[in-house]
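# Per-entry structural report
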Amino acid sequence: MWTWIHKLGSPPHFYRIATRLTPWFGWAALLLIIAGIYGGLYVAPTDYQQLDGFRIIYVHVPSASLSLFIYVNMALAAAVGLVWRIKLAHAIAAACAPIGASFTFLALATGSIWAKPMWGTWWVWDARLTSELVLLFLYFGFMALRAAIDEENRADRASALLAIIGVINVPIIKYSVDWWNTLHQPATLSKLGKPSMDPDMLIWLLMMLAGFMCFFAAVVLTRARAEVLLRARDQKWVRQALEGR
Amino acid sequence: MPEFLEFGKHTTYVVSSFSLTLVVLIINVVSARLRLASRVKRARQRLALEENS
């Protein structure tokens, strides 16, 4: 187990594995997302209260879940990089940030589009929405900090600290709907044992979530390969890797 | 609006949410692939330069 983890920490080995896994995740994401969109739009029954407007849930909830999942992954990678000085971990953290920012933007935008017909307003400054907006700024801050520092090691360390400190916002987002009075509805996916959705609706949501997870895996592996190449000092494995493409 | 994109009084909201999602997903794929392609190109140039020197 430890040998496997140690091996995975080596850039040449990671590059090879990532190159092999990316198409698998990519095709799985494509199939799951197409099936999820079709099921969410045309197969799932209409909600008795929200009518067809509820179908936005099939893009909003997976985006919001991914925005948190990616941040936790980014912070974990940053912490591993900071504590054990593994450069690959910093490369993965750097690869996570733009994808996480795009899913956070998507969660905010689709949430806002959903809010207009349901709440009568595009935006309210309540705990869930505001803390999700703070998450977007954390992603932007992480990327801006990396871009602002020329020296790679310093950029890695400074951005890792920001990512780790920012983790405090994750439980705030998650539990904001329980801790404070908010217009936002309670969690949809945290009660799988006793789901608040009809199984005919839930199945497509889980499919979209699985599709988004695979999508994230494919894109983060692609971005991480680019980061690894940028940081490669030993030219021998780069030559072998590029010839093997 | 084609019939398969009709979602009652919420058509605009549903269609715009799904369209925006697809656009963001496509931008993610394209930007990641372009970034990797540019890094591969740069790494190849670096290797070629080393070979020639």
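Scroll up for the structure.
Described below are features of the structure shown in this document. Worth saying up front: this structure is predicted, and the values here are computed from it rather than measured. (Residues numbered from 1 in each chain as written. Chains lettered and ligands numbered in written order. Predicted model: local features only at pLDDT ≥ 70, side-chain atom pairs only at ≥ 80, totals over all residues. Heavy atoms only, no water.)

### Observations concerning the nonpolar core
Counting 79 residues, the largest nonpolar core has Tyr15, Tyr58, Tyr71, Met74 and Phe103 of chain A as the members making the most contacts within it. In terms of residue count, the dominant contributor to this core is helix H8 (residues 199-231) of chain A (17 residues). (Core = buried A, V, L, I, M, F, W, Y, C linked by side-chain atoms within 4.5 Å. Buried < 20%, exposed > 50% of the residue type's maximum accessible area, 1.4 Å probe, protein only. Helix = DSSP H or I, 4+ residues; strand = E, 2+ residues; numbered from the N terminus.)

### With respect to the packing of aromatic side chains
Under the criterion given, the structure shown has 10 aromatic pairs over all chains. Between phenylalanine 69 of chain A and phenylalanine 216 of chain A, the aromatic rings sit 6.0 Å apart at their centres with planes inclined by 85°, giving edge-to-face as the arrangement. Separated by 147 residues along the polypeptide, phenylalanine 69 of chain A in helix H3 (residues 57-84) and phenylalanine 216 of chain A in helix H8 bring together distant segments of the chain. Of the residues examined, phenylalanine 69 of chain A reaches a relative accessible area of 34% and is grouped as partly exposed. Residue classification places phenylalanine 216 of chain A among the buried residues on the basis of a relative accessible area of 7%. Taking 5.5 Å as the distance between ring centres and 50° as the angle between the ring planes, the aromatic pair formed by phenylalanine 103 of chain A and phenylalanine 212 of chain A counts as tilted. One end of the pair, phenylalanine 103 of chain A, is in helix H4 (residues 87-119); the other, phenylalanine 212 of chain A, is in helix H8, with 109 residues separating them in the sequence. Phenylalanine 212 of chain A matches phenylalanine 103 of chain A in its accessibility class, with the two residues each being buried. Among the aromatic side chains, those forming a connected cluster through ring pairs are Tyr38 and Tyr42 of chain A together with Phe7 of chain B. The lysine or arginine in question, lysine 174 of chain A, covers the ring of tyrosine 175 of chain A, its NZ or CZ lying 5.9 Å from the ring centre. Its guanidinium or amino end placed over the ring of tyrosine 15 of chain A, arginine 225 of chain A lies 5.4 Å from that ring's centre, counting from NZ or CZ. (Phe/Tyr/Trp six-rings, centres within 6.5 Å; stacked < 30°, edge-to-face > 60°. Lys NZ or Arg CZ within 6 Å of the ring centre and 35° of its normal.)

### Topic: the pattern of salt bridges
If you walk through the whole model with that rule in mind, you get 5 salt bridges over all chains. Two residues, arginine 231 of chain A and glutamate 227 of chain A, come together in a salt bridge whose shortest N-O distance is 3.5 Å. Here the residue arginine 231 of chain A and the residue glutamate 227 of chain A both occupy positions in helix H8, the gap between them amounting to 4 residues, near one helical turn. Taken individually, arginine 231 of chain A and glutamate 227 of chain A each receive the classification buried, so the pair is uniform in this respect. Residues joined by salt bridges that share partners form a network here, namely Arg146, Asp156, Glu227 and Arg231 of chain A together with Arg35 of chain B. (Salt bridge = Lys/Arg side-chain N within 4 Å of Asp/Glu carboxyl O.)

### Some remarks on the interface of chain A and chain B
Taken together, the contacts link 41 residues of chain A with 32 residues of chain B. On the chain A side of the interface with chain B, the three residues burying the most area are Arg223, Arg239 and Leu242 of chain A, jointly 16% of the side's total. Across the salt bridge formed by arginine 35 of chain B and glutamate 227 of chain A, the nearest N and O atoms sit 3.8 Å from each other. Our enumeration of links across chain A and chain B arrives at 7 residue pairs in polar contact (both at pLDDT 80 or more). Looking at the side of chain A that touches chain B, the elements that each hand over two or more residues are helix H2 (11-43), H3, H4, H8 and helix H9 (235-243) of chain A. For the side of chain A that touches chain B, the element with the most residues is H4 of chain A, which contributes 11 residues. (Contact = heavy atoms within 4.5 Å. Buried area = accessible area lost by both parts, 1.4 Å probe. Polar contact = N/O pair within 3.5 Å; in protein donor to acceptor, adjacent residues only side chain to side chain.)

### Some remarks on helix H5 (residues 127-148) of chain A
All names here are of chain A. Taking 1.5 Å per residue as the helical rise, H5 with its 22 residues ought to reach 32 Å, and the 31 Å between its terminal C-alpha atoms agrees with that figure. Residues of H5 that are buried include every one of Arg128, Leu129, Ser131, Glu132, Leu133, Leu135, Leu136, Leu138, Tyr139, Phe142 and Arg146, and no others. In this fold, the buried residues of H5 make contact with H3, H4, helix H6 (152-166), helix H7 (169-179) and H8. (Expected span 1.5 Å × (residues − 1).)

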